[in-house]
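# Observations on the three-dimensional arrangement
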Amino acid sequence: MLGAPGAGKGTQADIIAAKYEIPHISTGDIFRANLKEGTELGKKAQVYMDRGDLVPDELTVEMLLDRVAKDDCKKGYVLDGFPRNIPQAEVLDKELSAHHDAVDYCINVDVPDENIVTRMSGRRSCPKCGAIYHIVHIKPDKEGICDKCGTALTQREDDREETVRKRLAVYHEQTAPLIDYYEKKGLLRTVDGTRDMKKVTEQIFSILKD
Ligand code: AMP
């Protein structure tokens, strides 16, 4: 899944993963889990995450490759937030082809910057299970409480406006070149992420059926 921070790719990745019964692998979630557990990796990553920068590839790539080598990934998986730059995409391709595997599709969830900042300020997440909500678009059943585990929802440090603007700048500079990278490989499928969430899901499912 490709897209700016807050484009809704995490939510869509969750839905795809549930439908195909495959893991949803979010490098951001893995970093946040490490951070919560107070691991060395978490401590190192936090500095970059809090200021909206990418965590260096040395810390990210191996972590991701270890994850996709696990047994539950044999049937496939949805990558969300990885690759985040061209070098990460190249390592992924190399590693997959060494295992006679490849990326099937790159789903690009397209949302203009102006929409992103408004959206992100309404985003709330569960500090316990990582579920994502929005005060307007994806309301939990009970205001401020996670539907899945009953924990009080919070605003992530990196969802604050100035961090969002920084993350958007990083996205355009480092991640957006991947649009061209996957386009050239014939794998890019762009969906309009400004549409209703269910419509975006429908569009993605029709792509995956092909
Ligand atoms: P996300 O939840 O995907 O928006 O990720 C939150 C933060 O984790 C990002 O702003 C980065 O600091 C870091 N991060 C997540 N995935 C990557 C990646 N593939 N490469 C580098 N940093 C990442």
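Okay, so let's go over this structure.

## Quick look at the site of the ligand
Around the ligand, a shell composed of 16 residues is seen, among which Thr27, Asp53, Gly81, Gln88 and Arg167 lie nearest. Arg156 places a polar side-chain atom, nitrogen or oxygen, 3.4 Å from an oxygen atom of the ligand. Contact between the ligand and Arg167: an oxygen atom at 2.5 Å from a side-chain N or O atom of the residue. Ranked by residues supplied to the shell around the ligand, first place goes to helix H2 (residues 27–37) with 4 residues. Among the residues making up the shell around the ligand, the classes are represented as 5 nonpolar, 5 polar and 6 charged.

## Describing the pattern of salt bridges
One pass over the structure, following the stated rule, counts 12 salt bridges. With its nearest N and O atoms 3.4 Å apart, the salt bridge here joins Arg167 to Asp159. A salt bridge links Arg165 to Glu161, with the nearest nitrogen and oxygen atoms 3.0 Å apart. With Arg165 and Glu161 both in helix H7 (residues 161–175), this residue pair falls 4 residues apart, about one helical turn. One salt-bridge network, held together by shared partners, links Arg51, Asp53 and Lys166.

## Structural notes on helix H8 (residues 177–184)
Inspection of H8 places Leu178, Tyr181 and Tyr182 among the buried residues, and these make up the whole buried set. Taken around the axis of H8, the buried residues stretch over an arc of 85°, which confines them to a single face. In this structure, the buried side of H8 is in contact with strand E1 (2–3), helix H5 (86–98), strand E4 (106–110), H7 and strand E7 (188–192). Positive backbone phi, at 75°, marks Gly186, one or two positions downstream of H8.

Procedures and definitions
- Throughout this document, residue positions are counted from 1 along each chain, in the order its sequence is written.
- Reporting in this predicted model follows two pLDDT cut-offs: at least 70 for local features of residues, and 80 or more for side-chain atom pairs to be given and counted; totals over whole chains, interfaces and linings ignore these cut-offs and use all residues.
- Only hydrogens and water are set aside; all other atoms, that is, all heavy atoms of the structure, feed into the side-chain values.
- The near set for a molecule or strand comprises every residue that places at least one heavy atom within 4 Å of it.
- Here a polar contact is recorded for every N or O atom pair within 3.5 Å, except that within protein the pair must consist of a potential hydrogen donor and a potential acceptor, and residues adjacent in sequence are included only if both atoms are side-chain atoms.
- By definition, any uninterrupted DSSP run of H or I lasting at least four residues is a helix, any uninterrupted run of E lasting at least two residues is a strand, and each is numbered from the N terminus.
- As a working rule, the residues Ala, Val, Leu, Ile, Met, Phe, Trp, Tyr, Cys and Pro are called nonpolar, Asp, Glu, Lys and Arg charged, and the rest polar, with Gly in that last group.
- Whenever a carboxyl oxygen of Asp or Glu lies within 4 Å of a side-chain nitrogen of Lys or Arg, that contact is scored as a salt bridge.
- The buried label applies to any residue whose accessible area, calculated with a 1.4 Å probe on protein chains only, is under 20% of its type's maximum; exposed applies above 50%, and partly exposed to all values in between.
- By definition, the arc is the one covered by directions from the helix axis to the C-beta atoms.
- Two residues form a contact once any of their heavy atoms are found within 4.5 Å.

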